[in-house]
Amino acid sequence: MQQKTKLFLQALKYFVPRVGKCMQNQPLNHCNFTDHCHNRVKSRKYRLIKCLQNRNKKPDLARHFSRRRYSHKNLLPVAYKKEKYSSKDMDAFEKVRAKLETQPQEDYEIINAEVKHGGFIYYQEGGYLVRSKDDEDGDNYEVLLNLEELKLNRPIIDCIRVAPDEKYLAAKVRSQHSESSSCLVVKIFDQPAVEASFPNVSSVEWVKDEEGEDVLFYTFQRNLRCNDAYRATFGENKRNERFYTEKDSSFFVFLYLTKDSRYLTLNIMSKTTSEVWMIDAMSPWDPPILIQKRIPGVLYYVEHRDDELYILTNLGEPTEFKLPSWACGFILEGNPDLKNCPFQLCSPIRPPKYYTYKFAEGKLFEETGNEDPITKSSRVLRLQAKSKDGKLVPVTVFHKTDSEEDLETKPLLVHVYGAYGMDLKMNFRPERRALIEDGWILAYCHVRGGGELGLQWHIDGRLMKKLNGLADLEACIKMLHDEGFSQPSLTMLTAFSAGGVLVGALCNSEPSLLRAVVMEAPFLDVLNTMMDTALPLTVEEIEEWGNPASDEKQRNYIKRYCPYQNIKPQHYPSIHITAYENDERVPLKGIVNYTEKLKEAIAEYTRDAGEDYQSPNIILDIQPGGNHVVEDSQKKITAQFKFLYEELGLDTTNVFEKIKKYFKL
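As a starting point, this report considers the structure included with it.

What counts and what doesn't
- Every chain begins its residue count from 1, and numbering advances along the sequence as written.
- In keeping with the predicted nature of the model, local features appear solely for residues at pLDDT of at least 70, side-chain atom pairs appear and are counted solely at 80 or more, and the whole-chain, interface and lining totals rest on all residues.
- Based on all heavy atoms of the structure, the side-chain values leave hydrogens and waters out of the count.
- Only DSSP runs of H or I reaching four residues or more are called helices, and only runs of E reaching two or more are called strands; each is numbered from the N terminus.
- Residues are treated as being in contact if the distance between any of their heavy atoms lies within 4.5 Å.
- Using a 1.4 Å probe on the protein chains alone, a residue whose accessible area is under 20% of its type maximum counts as buried, one over 50% counts as exposed, and one in between counts as partly exposed.
- Between rings of Phe, Tyr and Trp, where Trp is taken as its six-membered ring, a pair exists when centres lie within 6.5 Å; planes separated by under 30 degrees are stacked, by over 60 edge-to-face, and by other angles tilted.
- Look at NZ for Lys and CZ for Arg. If either is within 6 Å of the ring centre and within 35 degrees of the ring normal, a charge sits over the ring.
- Two strands form a pair only when DSSP identifies at least two bridges running between them.
- Helix axes use the C-alpha atoms of the stretch in contact, all axes being lines fitted to C-alpha atoms, and the angles between their N-to-C directions lie in the range 0 to 180 degrees.

## Notes on the side chain of His399
At step 1: With respect to the element layout, His399 can be found in strand E29 (residues 392–400).
At step 2: In contact with His399, other than residues within four places in its own chain, are Ser377, Ser378, Arg379, Leu381, Glu404, Leu407, Ile436, Trp440, Ile441 and Phe485.

Below, the structure written as structure tokens:
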């Protein structure tokens, strides 16, 4: 499937008035940005390069770190220095070592942030934040923070930022079952110690001013709404102030430090519109400068390199190039080298492979090594389904090469999302590879409402066009069956979060297409949720779903597809739902109400259908915690696969052995 990322790089020429509220000691002076920074920034025009085959689902300005799976076996041994550590310190480190070595591996079998800074690598090891030397294979590491002292349930560090001179670091820490993170500022010179703690932090960045003082910028999040930005210093000259507050509740705020660390950008975003303010890292206490005020429907981001500003936006026509046909996922690597762009390509069944694009040569170089055997033992197909209005909808299909003659008899797992202009996730998933190896067919339907074919693809599947996504999904599944990929009695459908809208709607409108459904944290009660403006994200979500509280046309339109509103006594596929007890993004109440109403409708239909009717299984698995984006675990995947295999009467032995093998890697 050819995916389009529209990029437009241009010189910045004008500065326009602000929206929002800046809070500082002096009024913000509005001026031409290039005049303000004329000694530092040049104005030039650029050509664009775009990736046709794949792109990041969303321009991700947060720094990307390499990710790895840790256990105590990866831990580097300590080389103690007598002149630096007392016997008391050595005893403490020995206790840490002993605890790490006896820690059950699965207790911290999670993916964590890792960042390289100066001569060290900073990362989480078990219940500790540690650093080790980057340029040696030696035996030095240092424990900087004992996370267990925070009294969190399985603490996870999901972001690390190190101050420029390495006197401090900031670590965002949360529990496994929560989206709410606290920012811990750790003094890492002399003896490591926690200098400060800020609750409910969303994004953090460090800069160093002209006087050599480290300044921490962070954004504060309340009830999933991030509207306030702060800056703080530590040590003898402690200071903490709020300098920006966003008044429009449909927008949120996040920070990004340009790759050369020259400017800090304050990004104000809604689902469809953005606005960027810039702060000179050398003068972090000066008022921020507005680049371009928000224009409805225009998204843009700012980067800086060699005294030139780059704008990434959804306007303009870029140049194109293709990537390997098997590639479906794109992972950008964090890299300070401005001459090269390293990244990884992957697919749901193929682990990431490393590539480097060299700007000077204009060439793409791939990692050498043995080819993954899945390349020869499986096929990837790029198909198209004709929707009800004639629109061609891309579908990506994976299957084993040795099962081409009997694909009609193979189980099919269909994936869909179709919301917020986001691409359907197609990064590597070891459990999906296990399904392929066990003979399954995997299909990914890139329906309208997502972002696979650009901004218009999203526009054509949101608000009063949401039913296009449902029509696309129905057309995709029917096309797969017509082309000989499985059959309705062997077809499963899966979705996460907002993808549950289309899945739930299809279960109401065309239940005969499916045997079973697996949903995780699904959005199933669109109407009642969007009518409740007291919920944290309702106002922010209006751009995607509409405002039924004040617009009768939008209210009636939502009623046409809302899964909860359209439940009726009829046959339904079996349904397995995983929900989270304190999920603030998709409230549990809506999922419980949906499940109860569905069971009542099925019971009514079963009474009228007669004794021979086999009613579907409806399972609601409520997990503790409040994190909407829950890390994949062997336990959760095993429960979902057990449901799918039992629905089809298949033996789970082989696939469970493969899952166990992959999760140990």
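## Here's the deal with unusual backbone geometry
At step 1: Here Asn200, not a glycine, exhibits a phi torsion of approximately 55°, which is positive.
At step 2: Note that Asn200 resides in the loop between strand E12 (193–198) and strand E13 (201–208).
At step 3: Judged by relative accessible area, Asn200 falls into the partly exposed class, the value being 30%.
At step 4: Even without being glycine, Ser497 reaches a positive phi, approximately 55°.
At step 5: Within the fold, Ser497 resides in the loop between strand E32 (491–496) and helix H7 (499–509).

## Thoughts on the packing of aromatic side chains
At step 1: In the structure shown here, the tally under the stated rule is 20 aromatic pairs.
At step 2: Ring geometry for Tyr420 and Trp545: centres 6.1 Å apart, planes at 90°, overall edge-to-face. Residue Tyr420 is located in the loop between strand E30 (412–416) and helix H4 (430–437), and its partner Trp545 is located in helix H9 (residues 538–545); the two are separated by 125 residues in the primary sequence.
At step 3: Note on Tyr420: relative accessible area 17%, which makes it buried.
At step 4: Site record: aromatic cluster; members linked through ring pairs are Tyr168, Phe189, Phe198, Trp206, Tyr218, Tyr230 and Phe234.
At step 5: Its guanidinium or amino end placed over the ring of Phe120, Arg131 lies 4.2 Å from that ring's centre, counting from NZ or CZ.
At step 6: Between the NZ or CZ atom of Arg350 and the centre of the ring of Trp326, over which it lies, the distance is 3.8 Å.

## A look at the environment of Gly450
At step 1: Among the structural elements, Gly450 can be located in the loop between strand E31 (441–445) and helix H5 (455–459).
At step 2: Separated by 10 residues in sequence, Gly450 and Asp460 place their C-alpha atoms 9.2 Å apart.
At step 3: Setting aside residues no more than four positions away along its own chain, Gly450 makes contact with Gly418, Ala419, Gly421, Met422, Trp457 and His458.

## Details of the pairing of strand E5 (residues 114–117)
Looking down a regular strand, the side chains alternate between one sheet face and the other.
At step 1: As paired elements, E5 and strand E6 (residues 120–125) share four bridges and run antiparallel to each other. When the bridges of E6 are listed, His117 appears paired with Phe120.

## Some words on the sheet that holds strand E20 (residues 289–292)
At step 1: Read across the open sheet, the four strands follow the order E17-E18-E19-E20; overall the sheet is antiparallel. Here the strands that pair on one side only, and so sit at the sheet edges, are strand E17 (252–257) and E20. Direction aside, the axes of adjacent strands within the sheet are offset by 25° on average.

## A word on the pairing of strand E18 (residues 263–269)
At step 1: Burial of E18 is extensive: seven of the seven residues sit out of reach of the surface.
At step 2: Two elements, E17 and E18, share six bridges in a ladder whose sense is antiparallel. Looking at the pairing, Leu257 lines up with Leu264 of E18.
At step 3: The hairpin formed by E17 and E18 contains five residues between the paired strands, and Ser261 there has a positive phi angle of roughly 60°.
At step 4: By the bridge criterion, seven bridges tie E18 to strand E19 (residues 274–280) in an arrangement that is antiparallel. Opposite Tyr263, over in E19, you have Asp280 as the bridge partner.
At step 5: If you look at the hairpin formed by E18 and E19, you'll find four residues sitting between the two strands.

Purely spatial values, then, with no claim about function.
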